[in-house]
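# Overview (structure and organization)
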Number of protein chains: 4
Amino acid sequence: MISFQNDYSEGCHPKILERLTQENWKQRPGYGTDDICARAAEQIRSLCANEDLAVHFLVGGTQTNATVIAAALRPHQAVIAAESGHIHVHETGAVEATGHKVLAVSSQDGKLRAEDVRRVLEKHTDEHMVQPKMVYISHPTELGTLYSRQELASLRAVCRENGLYLFLDGARLGYAMASAENDVVWQDLAWLCDAFYIGGTKVGALLGEAVVIANKEISRDFRYAVKQRGGMLAKGWLLGVQFDTLFQNELYVEIAKHAVHLADKLRKTLHMCGYPLLLPGSTNQVFPVFSDSVLAELEKDFCFTFQQRIDECHQAVRICTSWATKPEDVEALCSKLTLLCAEKQERNPYGDQ
Amino acid sequence: MISFQNDYSEGCHPKILERLTQENWKQRPGYGTDDICARAAEQIRSLCANEDLAVHFLVGGTQTNATVIAAALRPHQAVIAAESGHIHVHETGAVEATGHKVLAVSSQDGKLRAEDVRRVLEKHTDEHMVQPKMVYISHPTELGTLYSRQELASLRAVCRENGLYLFLDGARLGYAMASAENDVVWQDLAWLCDAFYIGGTKVGALLGEAVVIANKEISRDFRYAVKQRGGMLAKGWLLGVQFDTLFQNELYVEIAKHAVHLADKLRKTLHMCGYPLLLPGSTNQVFPVFSDSVLAELEKDFCFTFQQRIDECHQAVRICTSWATKPEDVEALCSKLTLLCAEKQERNPYGDQ
Amino acid sequence: MISFQNDYSEGCHPKILERLTQENWKQRPGYGTDDICARAAEQIRSLCANEDLAVHFLVGGTQTNATVIAAALRPHQAVIAAESGHIHVHETGAVEATGHKVLAVSSQDGKLRAEDVRRVLEKHTDEHMVQPKMVYISHPTELGTLYSRQELASLRAVCRENGLYLFLDGARLGYAMASAENDVVWQDLAWLCDAFYIGGTKVGALLGEAVVIANKEISRDFRYAVKQRGGMLAKGWLLGVQFDTLFQNELYVEIAKHAVHLADKLRKTLHMCGYPLLLPGSTNQVFPVFSDSVLAELEKDFCFTFQQRIDECHQAVRICTSWATKPEDVEALCSKLTLLCAEKQERNPYGDQ
Amino acid sequence: MISFQNDYSEGCHPKILERLTQENWKQRPGYGTDDICARAAEQIRSLCANEDLAVHFLVGGTQTNATVIAAALRPHQAVIAAESGHIHVHETGAVEATGHKVLAVSSQDGKLRAEDVRRVLEKHTDEHMVQPKMVYISHPTELGTLYSRQELASLRAVCRENGLYLFLDGARLGYAMASAENDVVWQDLAWLCDAFYIGGTKVGALLGEAVVIANKEISRDFRYAVKQRGGMLAKGWLLGVQFDTLFQNELYVEIAKHAVHLADKLRKTLHMCGYPLLLPGSTNQVFPVFSDSVLAELEKDFCFTFQQRIDECHQAVRICTSWATKPEDVEALCSKLTLLCAEKQERNPYGDQ
C-alpha cells in the first residue's frame, strides 16, 4: 500500500540525520541559545535580506500559530481567517484556548481577500464585539491555492490602513516557493507580513517551524511566549540544525520542487484522463474528483485523504506528494489512473465518467 | 424624543424600588447566602415544579453565559450556537476568553434545529477539532423568534443522544412566556434544558439574571464559578430581592404581557399600513422594514435600533417595547405610521411603498 | 444579634435610594454611555485634578481587579502582591483565570514595600520565569493598614525605574481617606498610580467600583475589557448615579468618617480594657485579640469575623464598622467589653487576661 | 571547557539515532497513531504491570505539565506544589496561562509532605478561594531529593481522602530509579499516582516525555488536550521510537545509572575534600557549597549552574551528570577538587575553608 495521504509520512531528509549524528556529542547551551540556532536564524535573515528580523524555532504548527497569535493580541482582540483556515478547523481550538476569537470568513478557494477583511471590519464597530486585530492566511492554503504578490500586497495595505497585523502560516511554504505559479520571493514575505513561519515538519524536517517576525510589537519578549506555550525545547539546537541544513544550498526549496514536480505530473495525468480537480493548484496537494467506483479501485493500492463528497456517486480526495515521495510511486498511480480511464472508455466509448 | 431602542432604557418596576427601600437597613449575610435569595430561589424551583434545581443570581447576561459555559465545558470542548447568537456576536469574545470555541451555525430566523446540531457533530470527528459539548440557544432569539415545545424537545433529544448539554439564554424569557404563540411552560424549561437563565435586566429588574441548573455536572461547585467570573455580589440580596418581587403573583410574566400587548398593537398597525416585517414575531421585539424616507420621518420623534440594510432604499430596524413602555408612546408611533401611510397613498394612490 | 462582620451588611446610603427612585423612569442610553455616568466621571476627574483620567464604573471588586490586570498585562507577565492581597487569597483565582500569575510576597502588615518589589525583580531574570509587570496594593490593606504618601511614592519610583504598573485596590478607599493617619490626597492617587479604584460596595453604594486609569496603555480599549469580563451593565447609569451621589458634597468621605469615628471609639475602649490589637489601625477595621472565653461571651450578642488563632486560648477577630453602623450598636459593644473587663479584674485583680 | 550545567547538553543515546535512521523512510500514520508508539506504550504499561494505563508521548516538560493539569482541573481548581516546584518557578506561568492557580508551599528540601497538603486544604474552605484539586510533586525534586515509597503512599492517602489527584513530574525519573536510595518501583508509580510522566529529554532522548495516566477522569479525551496544547507531533513516531528504544532491555535505567554512578563519585570526592553539600542527594544532581575563590578556580575549566548564595564568600552550585557524561570529565573535576583542597591545606594547615 502506497500512501499519498499527507506530506509527513516519512522521517526527514538524510542530510538532517547526518548532521544530527555529527553534532550528537557536542555540549551546547540549552533552549535555542546555541551557535547552530544562531546560524540558522542568520541564514533566514539573509535570505529575506533583512537583518532586523527576529527568528525563533518552534516545534509544531498548532503551537506556532497559538504562540504568535497570543503574543500579538490583547484579550479583546480577534484574528480573521478563512473558514477553511487551519486555526479555525484543525487545531482543536488552540487559539481560543489562549482566549481569542477566530473570525471566520467563507471562501471558495481557501484564500482571504482585502475586501473580506474590510467587510469584517465594517461589522465590528464597538466594544460589544471583539476587535479584529490580525489577519491570518495560509500560503499555500489548506486547499493548495497560492496568493500572488499582488494579493498579499493588497492584504498588507488593508491591514496597514486599519492597524491590523498580517500573519502568514507557511506550514507548507516550501511547496509554494517551488511552484511554477509562485511570484512571491522571500524578501516579499518579510516585507509584507508582520510575521510568518517557514514550515519544517512538512518540508523535510523531522519537526520544527521557523517563525520570522518583522514587527517588534510581536517579537518583544517572544521567548517568554515560546516558553509559556511549551515550544522551547531544552535541546533547541535540534530545531536549529534542521533549518541550518535545509537552508544550505537552497535544499529547502530544492526538495520541495521534487514534490511539486511529481504533483504536476499527476495533475497532467488526471487531466488527460478527464478526472476533474476540485480546485486548480500548482503545489504538492492535488484535489481530484473521482467516482466512488474509481476510487474504490484506486484504494486497493493507494491511500488518500477524504476531502469532501461532491454528489451521490463522486467525491474529492486529497493526494499529497512530498520531498520523500518516490517517483515510481507516482508512476504507479498514474499508470493505474490511465488504465482505469481506458477501461471506462472501453465500456462506455461515448459516455462520461 | 421617544426611544424604542431597547428594553433596558428605564430603571425597574416600582415594586422593586419599594422592596429595596424596605430592606435597606436590615443586616444580612453577604454573597447571596441570605434569606431573600433563598426565598427567591425557592419560588423559582416551585414554579418549575422541581425541588432539585440549583438557582443562582448573577449580575448580567454576558457574564452569565460565560460563567455557565466555562463551568460546564472541559478545555477542548465547544458550544454550538446560531450565527446570530448573542455569545457569538455581541459579547466581545467573553466565551472565547474562557478558552472555548463557539461553533456558529447559519440560521435565517435565529433558531437552531436538531439537524443543525447533527451536522456539526458529523463534522467534528476527532481530536484535531474541538469537541462539541453544549448547545446554546436564545429564547426568544435575538431576532424575536420563539422555539416551540416540540422544537425544544427535538433539541433535547439530539443533545441527549450525543452527550451534549442544552443551555437556554433567557435574557428576554419573560417576553417569550407572555407571547400568545408560546406553548412552553416553566416546567418544560427545567425539564428540557440542562441549564437556562431567567433574564431580569430586560424584564423589570435593575440588573440580574437567575440561572437555573438542572444538571448536577454543571451545578457542582457553581458558586466557585460565579465568584471567579466576578458575578458574586457582596450584597447578593440585591439580586434576590428583585427576583423575589418579580415572582410574587406572577409579576414577571404580567409586566412582560404589557410589553407584548403593545408590540402586538404595533405589529397590527404596521400590517395595516403595509410595512413588511423582516421576520414574523410575537414577543416585544418588532423588526419592520421601512423606506429610508419613511424612517427619516419617524426618526424625528422616535429612536430605533438599526438592524440591517435590505436594499438601496430600505432598511430593517428593531423596535422594542418593554415592561416600562408607555401606551401613549406606542399610540404616538402608531398614529405617525398611519399618517405617513395615508400621505403616501395620497401622493401615489395606486403604487407601492 | 448585631453584626460587625463586614462593611457590606446593609443596603446603601438613603440619598442613593432617593436618586434611584427619582431617575427610574427616565429613558437613558445603555452601557454607561449616559449623562449621569459622564457627570460622575467628571466629578472624579475634578477631585483628582486631572482631566485626562479615564473613569469606568464596574460592578464588583473581584471583577474590577481581574479586568484591570488582564487589560494591562501580556500573557507572560505577572502581578506582584502581598501574600494577604485580595487577588491572591480571596478571589477564587480570578486573576489566574485570565492567564496571569500572582507573585506573592510575605508581609506582616499586609503592605508591600519598594524593596519587596526589587527582590522579586532580582529573582525574575529570564524567559523561564514570568515577567513581573504590575504591582498590586490594597489601600487600606486587608489588615486595615495604610500606606503613607512617602511609601506610595517609593513604590511608584521602583515601578517607574523598572517599567512596572502600580495598581491600587481601593475597595475600602473611603475609610483610608477618612482616617486621621492618612496623608494621601486624591491628586496623589491619580498621580502616583497607573490605575486605582474607588470602592462603592463597601462605602455606601449598593454595588459598584469606579476605576480611575491614568496610564493610557491600560485605558486603551478599556470598554472592550469591561464588556468581555462581564462588568458592563445594560443599565450602566445605575452605577453612575451612585458615584454621582457619593461624590456630591463629599458624601463619600463624610460617611466613611462616621465609620472610622466609631472604630476609633472601639479601639479606645479595647485599649482601656487591655485587649491587644493584632495590628495597629486607623480605619474601619479593628483586629482585637480575645481569649476564647471573652469571645464566647461577646458572641452571645455580636457577630465578628474570625481572623486567626493566636495561641491555644486566644484568637484575633475582625470587627468592621461602616457608613451604616449605628452608634448605639458600638456603644453596646463597648459597654459589654468594659463589663467583661471589670468582671475579669474582680475575679483576678492582679493577673492578666 | 567541560559543562556540568545540566543533563541536556548533548544529543541522544546512539541507539536512538540508529533507530531514527532505520525507520526514516517507512511511511507511517501521523500524530502518534503508529505501530511504534503503540509498542512503546505497551512496554511502559507492561513495566508498570497495568494494562489499563493510558500512555501518551509529548514533546517537553513545561508542555506536559500544563497539558495534564489543564486536562484534570475545572476552572476554579488549583494545584498544590512545593515553592521550588518547576511549575511554580520555571515554566513562565504556563499553568496559570491555562487558568489555574499554583498553591505554593514552602519546603526546605523541595518535597511536599502529606501534612503540607492538609494545611493547604484547611485554609481553602469556601468559594472565595480556589479549590485545591491536585498535588504536583517532582521526583527527583528540583533539589535532587527523592520521595520514599512510604512518603508517596502518605501523599496518595491524603489525596484520596480529599478527592485530590496526585501528579508526579518525572522529568528526571530515570535518575531516581537508578539511585541507590530509591525504593519506588514502576508499579508503585502507576498505582500511587493518578498521572506521572517519564522524562526523555534529560535521560537520553532528543526530546519527549511519556505521560502515564491511571485515572480515567484525566485520560478521557486526552488526545484533544495534547493537540490543543501543541504537543501532538505530526511525526509522532519520532517520540515513540525514542521511548521504544529506551525501554528495550532497560536501557533507560541503565544509562541513568551511569550518571548516578559518576555523581556518587563526585559526592565522595567532595566529602573527602570537605566541601559541604547544600542538600544530601543520591541522583545525578549535586549541590556543593564552594568559597568564591575555589569556585573561580574551578570555573576556569568547568561550567556549573548557580544555585544560591550562602553567605558573603560562599555559594552553592548545581553540578549535573547525565547519561552522556564522560567518566574522564568527572575524573578531571575530582582531580581539580582534590588539588585545590590540598593547596588550601598547605596554605592553611589547621584552618577551615
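Residues numbered from 1 in each chain as written. Chains lettered and ligands numbered in written order. Predicted model: local features only at pLDDT ≥ 70, side-chain atom pairs only at ≥ 80, totals over all residues. Heavy atoms only, no water.

### Concerning the overall build of chain A
Put simply, the test is: In DSSP terms, a helix is any run of H or I states spanning at least four residues, a strand is any run of E spanning at least two, and both are numbered starting from the N terminus. Classification of residues uses two cut-offs on accessible area relative to the type maximum, computed with a 1.4 Å probe and protein chains only: under 20% is buried, over 50% is exposed, and between them is partly exposed. Areas reported as accessible are Shrake-Rupley estimates using a 1.4 Å probe. Residue values count occlusion only from the protein chains shown.
Helix and strand content of chain A: 15 helices and 13 strands. Its C-alpha atoms give chain A principal-axis dimensions of about 65 × 55 × 35 Å. Buried positions account for 67% of the 353 residues belonging to chain A. A total accessible area of about 12700 Å² is found for chain A, and carbon and sulfur atoms account for 49% of it.

### Points about the relation of the copies chain D and chain A
One copy of the chain maps onto the second through a rotation about an axis and a displacement along it. This is how it is decided: Least-squares fitting of one copy onto the other uses the C-alpha atoms of those residues that reach a pLDDT of at least 70 in both copies. Two residues qualify as a contact provided that any one of their heavy atoms is within 4.5 Å of a heavy atom in the partner residue.
When chain D is fitted to chain A, the best match, at an RMSD of 0.0 Å, comes from turning it 180° and sliding it 0.0 Å along the axis. Seen this way, the second copy is the image of the first under a two-fold rotation axis. Here 100% of the contact residues of chain D are again contact residues in chain A; the copies associate through an equivalent surface.

### Some remarks on the packing of aromatic side chains
Under the convention used in this document: Between rings of Phe, Tyr and Trp, where Trp is taken as its six-membered ring, a pair exists when centres lie within 6.5 Å; planes separated by under 30 degrees are stacked, by over 60 edge-to-face, and by other angles tilted. Put simply, a charge is over a ring when the Lys NZ or the Arg CZ is close to the ring centre, within 6 Å, and near the line of the ring normal, within 35 degrees.
Taken as a whole, this structure holds 46 aromatic pairs over all chains when the rule is applied. Aromatic pair C:Phe4 and C:Phe302: ring centres 6.1 Å apart, planes at 35°, arrangement tilted. Within this pair, whereas C:Phe4 is found in the loop between β1 (2-3) and α1 (14-23), its partner C:Phe302 is found in strand β11 (residues 302-303), the two being separated by 298 residues in sequence. Between C:Phe247 and C:Tyr252, the ring centres sit 5.0 Å apart and the planes meet at 25°, which makes this aromatic pair stacked. Through pairs of rings, three or more aromatic residues link up here, namely A:Phe57, A:Trp186, A:Phe243, A:Phe247 and A:Tyr252. The ring of C:Trp237 carries C:Arg28 above its face, with NZ or CZ at 5.8 Å from the centroid.

### Focus: the side chain of C:Arg156
Looking at where C:Arg156 falls in the secondary structure, it is placed in helix α7 (residues 149-162). Beyond its immediate sequence surroundings of up to four residues, C:Arg156 is in contact with C:Leu166, C:Trp191, C:Leu192 and C:Asp194.

### Observations regarding helix α1 (residues 14-23) of chain D
Quick reminder: α-helices carry 3.6 residues per turn. Residues three or four places apart thus point the same way. Here is the rule: The arc in question is the one spanned by the directions pointing from the helix axis to the C-beta atoms.
Buried residues of α1(D): D:Ile16, D:Leu17, D:Arg19, D:Leu20 and D:Glu23, and no others. The buried residues of α1(D) all sit within an arc of 160° when viewed along its axis, so they share a single face. α1(D) presents D:Glu18 and D:Gln22 as exposed residues on the side facing more than 90 degrees away from its buried surface. Lining the buried residues of α1(D) we find α1 (14-23) of chain A together with α2 (35-47) and α12 (237-246) of chain D.

### Concerning the environment of B:Leu112
Residue and element names in this part refer to chain B. Position of Leu112 relative to the elements: it lies in the loop between β4 (102-105) and α6 (114-123). For the pair Leu112 and Glu83, spaced 29 residues apart in the sequence, the C-alpha separation amounts to 9.3 Å. What Leu112 contacts, discounting residues up to four positions off in sequence, is Ile80, Ala81, Ala82, Val105, Val135, Tyr136, Ile137, Tyr147 and Leu155.

### Concerning the interface of chain D and chain A
In plain terms, the rule: Once two parts are brought into contact, the accessible area they lose, counted with a 1.4 Å probe and summed over both, makes up the buried area. The salt bridge definition used is simple: a Lys or Arg side-chain nitrogen within 4 Å of an Asp or Glu carboxyl oxygen.
Facing 44 residues of chain D, the contacting portion of chain A comprises 44 residues. In terms of surface lost to chain A, no three residues of chain D exceed D:Trp25, D:Gln27 and D:Lys235, which account for 18% of the buried area on that side. The interface formed by chain D and chain A holds zero salt bridges in total. When contributions to the side of chain D that touches chain A are tallied by element, the ones reaching two or more residues are β1 (2-3), α1, α3 (61-72), α5 (94-97), α11 (222-228) and α12 of chain D. Broken down by element, the residue count for the side of chain D that touches chain A peaks at four residues, all from α1(D).

### What about the interface of chain A and chain C?
Applied cut-off: Identification of polar contacts relies on pairs of N or O atoms within 3.5 Å, with a donor-acceptor requirement for protein atoms, meaning one able to donate a hydrogen and the other able to accept it, and with residues adjacent in sequence counted only if both atoms are side-chain atoms.
Listed by partner, the interface residues are 23 residues for chain A and 23 residues for chain C. With both sides pooled, the region where chain A packs onto chain C buries about 2100 Å², and carbon together with sulfur makes up 46% of that total. Interface area lost by chain A to chain C is led by A:Arg74, A:Glu127 and A:Tyr224, which between them contribute 36%. Our count for the chain A to chain C interface comes out at two salt bridges. The closest approach of N and O atoms between A:Arg223 and C:Glu127, which form a salt bridge, is 2.6 Å. Applying the counting rule to chain A against chain C returns 14 residue pairs in polar contact (both at pLDDT 80 or more).

### Focus: the relation of the copies chain A and chain C
When chain A is fitted to chain C, the best match, at an RMSD of 0.0 Å, comes from turning it 180° and sliding it 0.0 Å along the axis. Of the interface residues in chain A, 100% have counterparts in chain C that sit at the interface too, so the contact is made through matching surfaces.

### Quick look at the sheet that holds strand β7 (residues 195-199) of chain A
Hydrogen bonds between backbone groups are what pair the strands of a sheet, and the pairing can be parallel or antiparallel. All names here are of chain A. Test applied: Here a strand pair is declared whenever DSSP counts at least two bridges between the two strands. With axes taken as lines fitted to C-alpha atoms, and helix axes fitted only over the stretch in contact, angles between N-to-C directions fall between 0 and 180 degrees.
Strand order across the open sheet formed by seven strands is β2-β8-β7-β6-β5-β3-β4, with mixed pairing between neighbours. In this open sheet, the two strands that pair with only one neighbour each are β2 (54-58) and β4 (102-105). For this sheet, the mean angle separating the axes of adjacent strands, direction not counted, is 20°. Lying on the sheet, helix α3 (residues 61-72) is in contact with β2, β3 (77-82), β5 (131-138), β6 (165-170), β7 and β8 (209-213); it crosses β6 at an angle near 170°.

### As for the pairing of strand β2 (residues 54-58) of chain C
A regular strand places its side chains so that they alternate between the two faces of the sheet. Residue and element names in this part refer to chain C. Summarising burial for β2: five of the five residues are buried, a large majority. A two-sided burial pattern is seen for β2, the buried positions comprising Ala54, His56 and Leu58 on one face and Val55 and Phe57 on the other. In terms of strand pairing, β2 meets strand β8 (residues 209-213) through five bridges, oriented antiparallel. If you follow Leu58 over to β8, its bridge partner there is Glu209.

### Some thoughts on the sheet that holds strand β6 (residues 165-170) of chain B
Residues and elements named next belong to chain B. Here seven strands make up an open sheet; going across it, the order is β2-β8-β7-β6-β5-β3-β4 and the pairing mixed. The sheet terminates laterally at β2 (54-58) and β4, the two strands that pair on one side only. Recorded for the sheet is a direction-independent mean angle of 20° between the axes of neighbouring strands. Lying over the sheet, helix α2 (residues 35-47) contacts β2, β7 (195-199) and β8 (209-213), oriented at roughly 125° with respect to β2. Docked against the sheet, helix α7 (residues 149-161) engages β5 (131-138) and β6, running at close to 145° with respect to β6.

### Remarks on the packing of α2(B) against helix α12 (residues 237-246) of chain B
Residue and element names in this part refer to chain B. For the record, the criterion: Relative orientations are named as follows: roughly parallel for angles under 35 degrees, roughly antiparallel for angles over 145 degrees, roughly perpendicular for angles from 65 to 115 degrees, and oblique for any other angle. Here a crossing is called left-handed whenever its near helix is offset anticlockwise from the far helix by less than a right angle, and right-handed whenever the offset is clockwise. Residue classes follow a fixed rule: Ala, Val, Leu, Ile, Met, Phe, Trp, Tyr, Cys and Pro count as nonpolar, while Asp, Glu, Lys and Arg count as charged, and any other residue, Gly among them, counts as polar.
The geometry of α2 relative to α12 is characterised by a closest axis approach of 8 Å and an angle of 40° between their N-to-C directions. One way to sum up the angle between α2 and α12 is to call them oblique. Considering only the axes of α2 and α12, their crossing is left-handed. Of the residues in α12, those touching α2 at Ile36, Cys37, Arg39, Ala40 and Gln43 are Trp237, Gly240, Val241, Phe243 and Asp244. In terms of residue class, the contact of α2 with α12 is made up of six nonpolar, two polar and two charged.

### Description of the state of the cysteines
Selection rule: Any two cysteine sulfur atoms within 2.5 Å of one another count as a disulfide.
A complete count under the given rule lists zero disulfides over all chains for this structure. Here C:Cys303 is not disulfide-linked; the sulfur of C:Cys320 is the nearest cysteine sulfur, at 13 Å.

### Observations regarding the packing of helix α6 (residues 114-123) of chain C against α7(C)
Residue and element names in this part refer to chain C. Look at α6 against α7: their axes get within 8 Å of each other, and the N-to-C directions meet at 25°. Compared by their axis directions, α6 and α7 come out roughly parallel. For the pair α6 and α7, contact is made by Ala114, Val117, Arg118 and Leu121 and by Ser154, Leu155, Val158, Glu161 and Asn162, respectively. Each residue belonging to the contact of α6 with α7 can be placed in one class, and the counts come to five nonpolar, two polar and two charged.

### Details of the side chain of B:Thr141
Following the sequence through the fold, B:Thr141 ends up in the loop between β5 and α7. Separated by 2.5 Å, the side chains of B:Thr141 and B:Thr145 make a polar contact.

### Describing helix α13 (residues 251-273) of chain A
The condition is simple: Here the expected length of a helix is defined as 1.5 Å per residue gap, with one fewer gap than residues.
Along its 23 residues, α13(A) runs 34 Å from first to last C-alpha, staying within 8% of the 33 Å computed at 1.5 Å per residue. One or two positions beyond α13(A), positive phi appears at A:Gly274, with a value near 80°.

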